[in-house]
Amino acid sequence: MTTIVGVETKNGFILAADSQTTEGERAYISKEVPKIVEVNEYVICGAGTSRYCDIVTYGWEPPIYDGTNLYKFMVSKFIPSMRKIHEETGYVLKDDDDGASFLVGLENKLFYICEDYSVLRTDTKMYAMGTGGNWALGALHAGATVEEAMKIAIKLDINSGGKIQIIRRGE
């Protein structure tokens, strides 16, 4: 699968991802297809079923932020638009399907989007997902930097690897 880490800073956020995609027992690494993408004012990355992630990161224009309460906007405008692109492309999750989760940066905040489209935030300001996510999150809580946490996860998780991509906003 992958490792993706996000940390909110005083004035923005940092997102980091490995560059390996794992399908079955085979690892794929491509610098031409980064896991973290910048779309208009958003920074978006996903972990889970590749097709589900690709639809969002490479085939969708999310709604323009209207300046209202960020959390309300994510729940009432962003999520319905995300669901709609999945439906339009014929990718609708059933109860037993594997989906994907996403980290989305907007303004100076990060939002964790669950497989069921729930929008989560945490007071720790630290987020991680993918098969290496727990390794990375533990490292962050122990005082590691984002890059150190990614290196630890890549070392310990067989489904994570390759170069680390880091996007910084408004630090």
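Parameters and conventions
- Residues numbered from 1 in each chain as written.
- Predicted model: local features only at pLDDT ≥ 70, side-chain atom pairs only at ≥ 80, totals over all residues.
- Heavy atoms only, no water.
- Axes fitted to C-alpha atoms, helices over the stretch in contact; angles between N-to-C directions.
- Helix = DSSP H or I, 4+ residues; strand = E, 2+ residues; numbered from the N terminus.
- Left-handed = near helix turned anticlockwise from the far one by under 90°.
- Contact = heavy atoms within 4.5 Å.
- Nonpolar A, V, L, I, M, F, W, Y, C, P; charged D, E, K, R; others polar.
- Salt bridge = Lys/Arg side-chain N within 4 Å of Asp/Glu carboxyl O.
- Buried < 20%, exposed > 50% of the residue type's maximum accessible area, 1.4 Å probe, protein only.
- Arc of directions from axis to C-beta.

1. Thoughts on the packing of helix α3 (residues 133-141) against helix α4 (residues 146-156)
With their axes 8 Å apart at the nearest point, α3 and α4 run at an angle of 140° to one another. Relative to α4, the crossing made by α3 is right-handed. For the pair formed by α3 and α4, the contact residues are W135, A136, A139 and L140 on the first element and V146, A149, I152, A153 and L156 on the second. Residue classes in the contact of α3 with α4 are distributed as nine nonpolar, no polar and no charged.

2. Regarding the pattern of salt bridges
One pass over the structure, following the stated rule, counts seven salt bridges. A salt bridge links D18 to K35; the nearest nitrogen and oxygen atoms lie 2.8 Å apart. Of this pair, D18 sits in the loop between β2 (13-17) and β3 (20-23) while K35 is found in the loop between β4 (26-29) and β5 (36-39), placing the two residues 17 residues apart along the sequence. Like K35, D18 is buried. In this structure, the salt-bridge partner of R169 is E38, at a minimum N-O distance of 2.9 Å. One end of the pair, R169, is in strand β11 (residues 165-169); the other, E38, is in strand β5, with 131 residues separating them in the sequence. On the accessibility criterion, R169 (22% relative accessible area) is partly exposed. Residue E38 is classed as partly exposed on the basis of its relative accessible area of 49%. In this structure, a network of salt bridges that share partners links the residues E8, R121 and K125.

3. Notes on α4
Where α4 is concerned, the buried positions are V146, A149, M150 and A153. Down the axis of α4, the buried set is contained in an arc of 100°. They therefore lie on one face.

4. Details of unusual backbone geometry
Positioned with a positive phi, E107 is a non-glycine residue whose angle comes to about 60°. Locating E107 in the fold gives a position in the loop between β7 (100-106) and β8 (109-113). In this structure E107 comes out as partly exposed when scored by relative accessible area, which is 45%. Residues other than glycine seldom take positive phi values, yet K125 does so here, at roughly 65°. Take K125: it is sitting in the loop between β9 (119-120) and β10 (126-129).

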